[in-house]
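Reading the structure
Given next are the chains, with one letter for each unit.
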Amino acid sequence: MIGLVDMNNFYVSCERVFRPDLEGRPVVVLSNNDGCIIARSNEAKSLGIKMGTPYHSVREIIKQENIAVFSSNYALYGDMSQRVMETIRSMVPTLEVYSIDELFLDLGGFNQKQKLLELGQKIRKTIKKHIGIPACVGIARTKVLAKIANHQAKKSMMHDGVFLLEGEKLMREYLSLFDVADIWGIGRNYAYLLHSHEVTSAEQFRLMPENWVKKHMTVVGQRIWWELNGHACLEIEEITPHKKNICTSRSFSKPQTQQGKLKEALATYTSRAAEKLRRQKSCAHLLTIFIHTNKFKKEKYYSNTITITLPEPTDDTTQLIKQAFTGLQQIFQKGYAYQKVGVILSGISPAIQKQLSIFSPSDRDKREMLMLAMDTINAKFGSDTVKVAATGIEQDWKMQQEIVSPRYTTHWKDLLKVK
């Protein structure tokens, strides 16, 4: 058996943990640069506010309905997510962190229905008591079915946040009501294909001939079909696989015309990407830089990309920034107001397998010690405690966060004061 734990309205719930006065009040959280709504409380959903709605288009209803609004606080959300994961890790032997607010559980040792339901309730109540985050648990024989079970656990109050999808009769009942387009792994194209063949529910898809599924939906669709039929094809991944590409980028709070500002942003994003590389003990052999203006404005549009093959695979922040500046110099054009700059690291391989060149720097060992020292200090005292000077000081190009909440759990100055 497999369980799926999904935190309810996670970003909103994180804000409410430290603001109990927001319970029962509509709350929304905004995307980067306070652009669109990316999280909503149930109260906000009932007011008709849709996911992805531009913030400026709902300012009036936000004012009328006294809706609380927050900029994204990823430092807070990431730390709260880690606390939830560690809490659950102490209760089950094997789990897979799927996203910031979802994780799969291996419940193979719990085969009795009552024990599974009791464990699901214990997990929910422990997360709520220890962290303050509400969650729902779906349990079934496969990951795809666990996703559907979790959907039902959220949707229906009668299950008290835990739903076990087991037994042929129950499967037929709920899969008949579940839209095929909402099945985990069924994208827009597959949903259109199935609808064109009058397959609208998960149950109808489950009863399709396997040969037809394999022919029209390849092995991806075939795996989903097998999972719906109760045969596990997607195993629990205890160890998160290393990323094959690392991309770091953000839109500017306001358009930037000076190359110096772009270099500061690029140095910052390259530093972030290099940290991720070292975290997974990898090196990159290719570095891609991209820049572009806002294509939705009337001004002339410009975008460009360049990929640089590094002299040797590296995870050294200073070396990567040096190469990134070389690439930016080649694609930067004066006279444009740039909306975004970013870096992509690829050609990633394990650091232990790094092939050095005959022109490898003689101070390589010192550079490795320097990177280790930076990572250790930043891990202990907070991100950017020590950073490369090229990233700038004021960073007035950073994304807009006008209504961001304090970093309650990751910054000494933002700790709550109890009086």
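The structure under discussion appears in the preceding block.
Attention in this report is confined to the structure presented alongside it. Not measured: the values here are computed from a predicted model. (Residues numbered from 1 in each chain as written. Predicted model: local features only at pLDDT ≥ 70, side-chain atom pairs only at ≥ 80, totals over all residues. Heavy atoms only, no water.)

As for the overall build of the chain
In terms of helices and strands, the chain carries 13 helices and 13 strands. For a compact globule of 419 residues, the expected C-alpha radius of gyration is about 22 Å, and the chain comes in at 24 Å, within 12% of that figure. In the chain, which comprises 419 residues, the proportion classed as buried is 46%. Once local pairs closer than 6 in sequence are excluded, the contacts in the chain between residues at least 24 apart make up 68%. Positive and negative side-chain charges of the chain, numbering 58 and 43 respectively, have mean locations separated by a distance of 4 Å. (Helix = DSSP H or I, 4+ residues; strand = E, 2+ residues; numbered from the N terminus. Rg over C-alpha atoms; globule rule 2.2 N^0.38 Å. Buried < 20%, exposed > 50% of the residue type's maximum accessible area, 1.4 Å probe, protein only. Contact = heavy atoms within 4.5 Å. Lys, Arg positive; Asp, Glu negative; His and termini not counted. Charge placed at Lys NZ, Arg CZ, Asp CG, Glu CD.)

Overview of the sheet that holds strand β5 (residues 95–99)
Two strands in a sheet stick together by hydrogen bonds in their backbones, pointing the same way (parallel) or opposite ways (antiparallel). Across the sheet, which stays open at both edges, the five strands sit in the order β5-β6-β1-β7-β8 with mixed pairing between neighbours. Lying at the two open borders of the sheet, with one neighbouring strand each, are β5 and β8 (162–164). Neighbour to neighbour, the strand axes of the sheet diverge by 15° on average, direction disregarded. In terms of strand pairing, strand β1 (residues 2–7) meets strand β7 (residues 135–140) through six bridges, oriented antiparallel. Residue pairing across strands places I2 opposite A140, the latter belonging to β7. Contacts from helix α6 (residues 143–155) reach β1, β5, β6 (102–106), β7 and β8 within the one sheet, and its direction differs from that of β7 by about 140°. (Pairing = 2+ DSSP bridges. Axes fitted to C-alpha atoms, helices over the stretch in contact; angles between N-to-C directions.)

Let's talk about the sheet that holds strand β4 (residues 68–70)
Ordered by their spatial adjacency, three strands build an open sheet running β3-β2-β4, and the pairing between neighbours is mixed. Because the sheet does not close on itself, it has two edges, and the strands there are β3 (37–40) and β4. On average, each strand axis in the sheet is inclined to that of its neighbour by 25°, with strand direction left out of account. Pairing between strand β2 (residues 27–30) and β3: three bridges, direction antiparallel. In the sheet register, L30 faces β3, and the bridge partner there is I37. Packing against the sheet, helix α1 (residues 10–17) makes contact with β2, β3 and β4, and its axis sits at approximately 115° to β2.

Structural notes on a nonpolar patch on the surface
Taken together, the side chains of I377, F381 and V386 present a nonpolar region at the surface, about 260 Å² in accessible area. Relative to the helices and strands, V386 is located in the segment after α13 (364–381). (Patch = residues over 30% accessible without salt bridge, like charges linked within 9 Å, V, L, I, M, F, W, Y side chains within 5 Å. Areas by Shrake-Rupley, 256 points an atom, 1.4 Å probe, with all protein chains shown as cover. Salt bridge = Lys/Arg side-chain N within 4 Å of Asp/Glu carboxyl O.)

As for the pattern of salt bridges
Within the structure shown, the criterion is met by 15 salt bridges. Note that D384 and R272 form a salt bridge whose closest N and O atoms lie 2.7 Å from each other. Linking D384 in the segment after α13 with R272 in helix α11 (residues 259–279), this pair joins segments that are 112 residues apart in sequence. Taken together, the shared-partner salt bridges connect E168, R172, E203 and R206 into one network.

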